[in-house]
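# A look at the structure
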Amino acid sequence: GAGLPAVERLAYLGELAEWQLAGLRHLVVVDTTAPVSFFAYPGKPSELTPDGCTVHVLGGDGVDPTAALQALAEALGAPADIDRAAAARPDAPTGELTAESMAAAIGHLLPEGAIVSDEGNTSGLFVPGATAGCARHDWLTLTGGSIGQGMPVATGAGVAAQASGDGRKVVNLQADGSALYTIQSLWTQAREGLDVTTVILNNRSYAILNMELARVGATEPGPTALSMLDLGRPDLDFCALATGMGVSAERATTADEFTAAFERALASDGPALVEAILPDTL
C-alpha cells in the first residue's frame, strides 16, 4: 500500500513471468524457492529463472527473513530514498459492473490493515493495481496452483484477526468456479463469527480452466468438454447458498450496486458476501 516500496507481482501466466524475469543475472529469493510454473505445459519451461541467472537464497532454516533483509541492507549500505507507492484511491465507479469497475470499487473502499485472500485470477486481474495506493494491507495469493484455496485461507486469516483483537478486516476475492470447491468455509465463518467479507466474482464459468485447456494444447475442445466448464444450467445462486449457511449476502449487477453492497459488507462485524455479476469475458 501507500508509503511502501512498490513490489511488482509475478504474473500467473508462466510466459509473462518469464518476460518479467528476462535478463536477470542474479535472483535473490527470501525464505522461499526459485519461481516455477504451476503446471507442466507442453513446449513451455517449468522453471522460470532465465538461463545463466544465479539464484541466491536468503533466509530459511529458521532464519528470520525480515532480520536477514535488514542485515543485508546494512551490509550493502542500501539507500533509504527508494521509490514508494503514492497514496491514491480510485473514484467510486458508476455504470456497468465489469472486472475493472469492480476493482475500482474495492480500491475505493479497502480499509487500512485489511487482509486480502485473492483467488480471482481472471476477473480479479485489475484489483492489485487498483489497490496499490490504498492504506497498508496484506495480500495472500495463490502460490501452488491449488483450486479452492481462497476461502479457507480467508477463514484462517479471520481466525487470526479475531484472536489478535486488532479489528482487521478480511476480504476474500473469490472466483465462482473455485468457490464451489470449498464453499463450506462460509458455514465456518458464520459459526465462529469471523469478520470476513467474501466477494464472489460470478462470470458463470470456470474461466481459468477454459484458458488452461488451450494452454495444454486442447485448442478446439468439443461441446462436452466445454459444458463441463460451464456453471449454468442451472445458474448458481451464491446469495442463497451463503444465506443457507448463515452468512448475509447481496447480489450486485451494476457498479453502483456493488460499491454500496461492498461498503455495507465491510461495515458489518461478522461474515458477509457480495455476489458480483460480471460479464462472461474480460
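Above: the structure in question.
In this report, the structure presented in the accompanying data block is examined. (Residues numbered from 1 in each chain as written. Predicted model: local features only at pLDDT ≥ 70, side-chain atom pairs only at ≥ 80, totals over all residues. Heavy atoms only, no water.)

### Side note on unusual backbone geometry
- With a phi angle near 55°, D31 is a residue other than glycine that sits in the positive phi range.
- Looking at the secondary structure, you find D31 in the loop between strand 1 (26-30) and strand 2 (54-58). (Helix = DSSP H or I, 4+ residues; strand = E, 2+ residues; numbered from the N terminus.)

### Regarding the packing of aromatic side chains
- Per the stated rule, a full pass over the model turns up one aromatic pair.
- Between F258 and F262, the ring centres sit 5.8 Å apart and the planes meet at 5°, which makes this aromatic pair stacked. Of this pair, F258 and F262 both sit in helix 11 (residues 255-267), four residues apart, which is roughly one turn of that helix. When sorted by exposure, F258 lands in the same class as F262, which is buried. (Phe/Tyr/Trp six-rings, centres within 6.5 Å; stacked < 30°, edge-to-face > 60°. Buried < 20%, exposed > 50% of the residue type's maximum accessible area, 1.4 Å probe, protein only.)

### So, the packing of helix 5 (residues 150-164) against helix 7 (residues 185-192)
- Two numbers describe how helix 5 lies on helix 7: the axes approach to 9 Å, and their chain directions differ by 15°. If you check the angle between helix 5 and helix 7, you find them roughly parallel. By crossing handedness, the relation of helix 5 to helix 7 is classed as left-handed. Across the interface between the two elements, M151, P152, T155 and Q162 from helix 5 touch S185, L186, T188, Q189 and E192 from helix 7.
- When its residues are assigned to classes, the contact of helix 5 with helix 7 shows three nonpolar, five polar and one charged. (Axes fitted to C-alpha atoms, helices over the stretch in contact; angles between N-to-C directions. Parallel < 35°, antiparallel > 145°, perpendicular 65-115°, else oblique. Left-handed = near helix turned anticlockwise from the far one by under 90°. Contact = heavy atoms within 4.5 Å. Nonpolar A, V, L, I, M, F, W, Y, C, P; charged D, E, K, R; others polar.)

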